[in-house]
Amino acid sequence: MSFQGYLRRDGRKGIRNVVAVAYLVECAHHVARRIVDHCDDPDVHLIGFPGCYPNEYALRMMKALTTHPNVGAVLLVSLGCESFNREALAAHVAASARPVETIVIQKAGGTRRATDLGVITAKAMKQNIADTAVRVPMQLSELVVGTICGGSDGTSGITANPAVGRAFDRLVAAGATCIFEETGEMIGCEGPMAVRASTPEVGEAIVASIAKAETYYRAMGFGSFAPGNAEGGLSSQEEKSAGAYVKSGSSSIVGVIKPAEIPEVPGLYLLDVVPDGAPKFGFPNISDNAEIVELMACGAHLTLFTTGRGSVVGSAIAPVIKVTGNPETYRRMSEDMDVNAGRILEGESDLGEVADEIVALVEAVAGGQLTRSEDLGHREFILTYKSFEPSGPGCFPRGA
Amino acid sequence: MKRLQAAPVLLLHPTDNVLVCCRAVRAGERFDISPDEALHVLQDTELGHKLARRALAAGEKVIKYGAPIGSMTAAVQAGGWIHLHNMKSDYIGAHTRAARVDAT
């Protein structure tokens, strides 16, 4: 079965046709947000980086995000004096043959003039990419699908997460690229995970990434374990880990990638989100959307988000499909949930049926159906400081 | 195949020493886990939380999914609730609401 995608001039295919309005320092955030608000268009999205100090990771991430296959055009909003390399970013977007414009607030003459100019520019860009869109058939095998869990509880690891794991198995079997992440939530699972590696080098990279995560989180003083996890019945990091790990399903793990590294061949990948080197800049992912942003920077067209307690978030650029494992959460927050895996607990369904429903929904959403969070207007985005070394040879397979 | 299970708890792996509640259970409830194994609930326990399948001593590993998820810090009787008050991680501490920052 195929659906209609958007062919980009760099050859990649997207499932949405978005204008990304990107602020390049917090000082430009207000103007960028006003531009997006005034456009009042579900396909004009706000992204950005708040820091004024230079950071290679942030530039690499913004390059990957502004040339994401769901993005058709880009408007950069700069204050003017920040250190972000706006010329390099604009040149990167232009090289992908996307329309790109930069508004510098200090040159435009302040808030009002920059906002007015931005609204005109963003609206014209939206019209342009809608008029010139090249729709092409797209297969499941051309999709990149990420998964993340947020607000996990004692149901997540026995319903929503294994159901997503089975859906991942089906997507990988169909030739898709699937990415799971948050090595800090895999602490304790490194042994069984390394056994699934497609090569010894990938196995070593898996073990090393988890050891790095444990060291890093120890230095931070907390594991990736929120109060709500405990209230939902989880008692330890490794219990949460075991439940989170099953989202990966049972396919062979063909590579370990880092943020903004885009898989070149299909298969299942682990995304190592914990920074390299001595711990600095604080927690690796300060909230769930930071992880979604990193999945998108690796090319994820959409994300499967499992939740027990009931997260409501969506994302800019790429749709989020919400799967709850808790039947009580579903009853309380059904408007926010795309899939009720909690019915497994009540004996009304099983993992296979829910996995089928998830795969069918992935196809429908890829074909344009709005997710609950998209429909409710969720367009969250967060990007903070990090530092990474590039992945070494052997960490993931390279394309021809 | 639909799951037809009378007991409101799940045994996720045969070697597990905990059971997971599929709904909130109340002290005094009794049910069969298998034809030759019954459980008597000692405390009210919420959906998603764990009950001891058998008596566990302090220091014993807690086994869920067939894997250790921490160690008991106090003894528990069969049918008792297992959580942060009587078990801990073998890896890294959890931050609970009790650890919340109070900026005054």
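## Brief notes about the overall build of chain A
Thought 1: Counting secondary structure elements, chain A contains 14 helices and 14 strands.
Thought 2: Against the globule reference of 21 Å for 400 residues, chain A gives a C-alpha radius of gyration of 20 Å, in line with a compact fold.
Thought 3: Projected onto the principal axes, the alpha-carbon positions of chain A cover approximately 60 × 45 × 45 Å.
Thought 4: Taking all 400 residues of chain A together, the buried fraction comes to 62%.
Thought 5: Taken as a whole, chain A presents about 13900 Å² of accessible surface, with 54% of it coming from carbon and sulfur.

## Focus: the overall build of chain B
Thought 1: Secondary structure summary: chain B contains zero helices and nine strands in total.
Thought 2: Evaluated residue by residue, chain B yields a buried proportion of 38% over its 104 residues.
Thought 3: When the accessible surface of chain B is totalled, it reaches about 5500 Å², and 55% of it is carbon and sulfur.

## A few points about the sheet that holds strand 3 (residues 18-23) of chain A
All names here are of chain A.
Thought 1: With parallel pairing, the four strands of this open sheet are ordered in space as 4-3-5-6. Among the strands making up the open sheet, the edge pair consists of strand 4 (44-48) and strand 6 (100-104). Along the sheet, successive strands turn relative to each other by an average axial angle of 20°, direction set aside.
Thought 2: Summarising the sheet, strand 3 and strand 4 pair through five bridges and their orientation is parallel. Each residue of the ladder has a partner; that of Val21, found in strand 4, is Leu46.

## Some remarks on the packing of aromatic side chains
Residue and element names in this part refer to chain A.
Thought 1: One pass over the full model with this rule turns up four aromatic pairs over all chains.
Thought 2: For the ring pair Phe49 and Phe84, a centre distance of 6.3 Å and an interplane angle of 50° mean the geometry is tilted. Of the two residues, Phe49 is situated in the loop between strand 4 and helix 2 (56-66) and Phe84 in the loop between strand 5 (71-78) and helix 3 (86-95); the sequence distance between them amounts to 35 residues.
Thought 3: Since its relative accessible area comes to 9%, Phe84 is described here as buried.
Thought 4: Here the aromatic residues Phe49, Phe84, Phe281 and Tyr385 are joined through ring pairs into a cluster of three or more.

## Side note on the side chain of Lys322(A)
Residue and element names in this part refer to chain A.
Thought 1: Its location among the elements puts Lys322 in strand 13 (residues 320-324).
Thought 2: At 3.4 Å, the side chain of Lys322 and the backbone oxygen of Val312 are in polar contact.
Thought 3: Beyond its immediate stretch of four places on either side in the chain, Lys322 contacts Phe305, Thr307, Ser311, Val312, Val313, Asp336, Met337, Asp338, Val339 and Ser373.

## Section: the pairing of strand 6 (residues 61-64) of chain B
Residues and elements named next belong to chain B.
Thought 1: In this sheet, strand 7 (residues 67-72) lies alongside strand 6 in antiparallel orientation, the contact comprising three bridges. Bridging from a neighbouring strand, Ile63 pairs with Pro68 of strand 7.
Thought 2: Turn length for the strand 6-strand 7 hairpin, with the two strands adjacent in sequence and antiparallel, is two residues, and the turn residue Tyr65 shows positive phi of about 60°.

## Structural notes on helix 10 (residues 237-245) of chain A
Owing to its 3.6 residues per turn, the α-helix brings residues three or four apart onto one side.
Thought 1: For helix 10 of chain A, the buried fraction is high: nine of the nine residues fall into the buried class.
Thought 2: Taken as a whole, helix 10 of chain A has its buried residues at Gln237(A), Glu238(A), Glu239(A), Lys240(A), Ser241(A), Ala242(A), Gly243(A), Ala244(A) and Tyr245(A).

## Quick word on the interface of chain B and chain A
Thought 1: Contacts between the two partners involve 29 residues from chain B, matched on the other side by 39 residues from chain A.
Thought 2: Carbon and sulfur atoms supply 57% of the area buried between chain B and chain A, which totals about 2900 Å² over both sides.
Thought 3: A salt bridge links Glu239(A) to Lys64(B); the nearest nitrogen and oxygen atoms lie 2.8 Å apart.
Thought 4: Linking chain B with chain A are 13 residue pairs in polar contact (both at pLDDT 80 or more), by the criterion used here.
Thought 5: The element best represented in the side of chain B that touches chain A is strand 7 of chain B, accounting for three residues.
Thought 6: Here the side of chain B that touches chain A is built from residues that sort into 15 nonpolar, eight polar and six charged.

## Some words on unusual backbone geometry
Residue and element names in this part refer to chain A.
Thought 1: One non-glycine residue, Asp40, lies in positive phi territory at about 45°.
Thought 2: Mapping Asp40 onto the fold places it in the loop between helix 1 (29-39) and strand 4.
Thought 3: The phi dihedral of Glu182 falls on the positive side, at around 60°, and the residue is not glycine.
Thought 4: One can find Glu182 in the loop between strand 9 (177-181) and helix 7 (190-195).

## Some points on the environment of Ala7(B)
Thought 1: Position of Ala7(B) among the secondary structure elements: in the segment before strand 1 (9-10).
Thought 2: With sequence-adjacent residues up to four places away left out, Ala7(B) is seen in contact with Phe31(B) and Asp32(B).

## Details of the confidence of the model for chain B
Thought 1: With 82% of its residues at a pLDDT of 70 or more, chain B shows a mean pLDDT of 86.
Thought 2: Per-residue pLDDT stays below 50 along residues 1-5 of chain B; that stretch engages in eleven contacts with residues further than four places along the chain or on separate chains.

## Let's talk about helix 3 of chain A
Residues and elements named next belong to chain A.
Thought 1: Arg86, Leu89, Ala90 and Val93 are the residues of helix 3 that are buried. Each buried residue of helix 3 lies within a common arc of 95° when the element is viewed along its axis, so the set occupies one face. In helix 3, the exposed positions that point more than 90 degrees away from the buried face belong to Glu87 and Ala95.
Thought 2: In the core, the buried residues of helix 3 are packed alongside helix 2, strand 5, strand 6 and helix 4 (105-108).
Thought 3: Ala97 occupies a position one or two residues after helix 3 and carries a positive phi of about 70°.

## Observations concerning the sheet that holds strand 9 (residues 87-88) of chain B
Residues and elements named next belong to chain B.
Thought 1: Strand order in this open sheet of three strands is 6-7-9, and the pairing throughout is antiparallel. Strand pairing shows two members of the sheet lacking a second neighbour, strand 6 and strand 9, which therefore form its edges.
Thought 2: Where strand 7 meets strand 9, two bridges bridge the pair, whose relative direction is antiparallel. Across the sheet, Met72 pairs through a bridge with Met87, a residue of strand 9.

Conventions used here
Residues numbered from 1 in each chain as written. Chains lettered and ligands numbered in written order. Predicted model: local features only at pLDDT ≥ 70, side-chain atom pairs only at ≥ 80, totals over all residues. Heavy atoms only, no water. Helix = DSSP H or I, 4+ residues; strand = E, 2+ residues; numbered from the N terminus. Rg over C-alpha atoms; globule rule 2.2 N^0.38 Å. Buried < 20%, exposed > 50% of the residue type's maximum accessible area, 1.4 Å probe, protein only. Areas by Shrake-Rupley, 256 points an atom, 1.4 Å probe, with all protein chains shown as cover. Pairing = 2+ DSSP bridges. Axes fitted to C-alpha atoms, helices over the stretch in contact; angles between N-to-C directions. Phe/Tyr/Trp six-rings, centres within 6.5 Å; stacked < 30°, edge-to-face > 60°. Polar contact = N/O pair within 3.5 Å; in protein donor to acceptor, adjacent residues only side chain to side chain. Contact = heavy atoms within 4.5 Å. Buried area = accessible area lost by both parts, 1.4 Å probe. Salt bridge = Lys/Arg side-chain N within 4 Å of Asp/Glu carboxyl O. Nonpolar A, V, L, I, M, F, W, Y, C, P; charged D, E, K, R; others polar. pLDDT = per-residue confidence, 0-100. Arc of directions from axis to C-beta.

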